[in-house]
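If you want the building blocks of each chain, they are given just below.
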Amino acid sequence: MIDLDSLDVESPETVAERLRRALPYKRADELTAAPDCGMKYLPRDVAYGKLEAMVAGAAMVRGEI
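What you see is a predicted model, and the numbers here were worked out from it, not measured in a lab.

Description of the layout of surface pockets
Alright, step 1. There is about 170 Å³ of room inside the largest pocket.
Alright, step 2. Leu-19, Leu-23, Ala-28, Leu-31, Thr-32, Ala-33, Ala-58, Val-61, Arg-62 and Ile-65 together form the lining of the largest pocket.
Alright, step 3. Element by element, the count of residues in the lining of the largest pocket is highest for helix 2 (residues 44-64), at three residues.
Alright, step 4. Residue composition of the lining of the largest pocket, by class: eight nonpolar, one polar and one charged.

Below you can see the structure in the form of structure tokens.
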């Protein structure tokens, strides 16, 4: 859902779209929006922005299902 090789912060809409793409393959209760361990290599403000986008994107999809 988030690209840890990039310092660009994804929008919540991008994260939501990536989650939606997984739904044909996994039930919603089988998906977990979670960062992986690569966040420690990002600047703190970028990591925080990516986490905020991940939470907001997951909330968008949760509201749809």
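Digging into the nonpolar core
Alright, step 1. One finds Ile-2, Leu-4, Val-15, Ala-16, Leu-19, Met-39, Leu-42, Val-46, Ala-47, Ala-53, Ala-58 and Val-61 forming the largest nonpolar core, which totals twelve residues.
Alright, step 2. Of all the secondary structure elements, the ones that give two or more residues to this core are helix 1 (12-22) and helix 2.
Alright, step 3. Per-element accounting of this core gives the leading share, five residues, to helix 2.
Alright, step 4. The residues contacting Val-15, other than those within four sequence positions of it, are Met-1, Ile-2, Glu-10, Ala-53, Met-54 and Gly-57.

Re the side chain of Ser-6
Alright, step 1. As for its position among the elements, Ser-6 is in the segment before helix 1.
Alright, step 2. Relative accessible area serves as the criterion here: at 16%, Ser-6 is assigned to the buried category.
Alright, step 3. Residues in contact with Ser-6, not counting those within four places in the same chain, are Leu-42 and Lys-50.

Thresholds, definitions, all that
- Residues numbered from 1 in each chain as written.
- Predicted model: local features only at pLDDT ≥ 70, side-chain atom pairs only at ≥ 80, totals over all residues.
- Heavy atoms only, no water.
- 1 Å grid on protein atoms, 1.4 Å probe; cavity = no way out; pocket = protein on both sides within 12 Å on 5 of 7 lines; lining within 4 Å.
- Points joined across faces, edges and corners; volume = space filled by probe spheres on them.
- Helix = DSSP H or I, 4+ residues; strand = E, 2+ residues; numbered from the N terminus.
- Nonpolar A, V, L, I, M, F, W, Y, C, P; charged D, E, K, R; others polar.
- Core = buried A, V, L, I, M, F, W, Y, C linked by side-chain atoms within 4.5 Å.
- Buried < 20%, exposed > 50% of the residue type's maximum accessible area, 1.4 Å probe, protein only.
- Contact = heavy atoms within 4.5 Å.

Taken by themselves, the reported measurements are silent on function.
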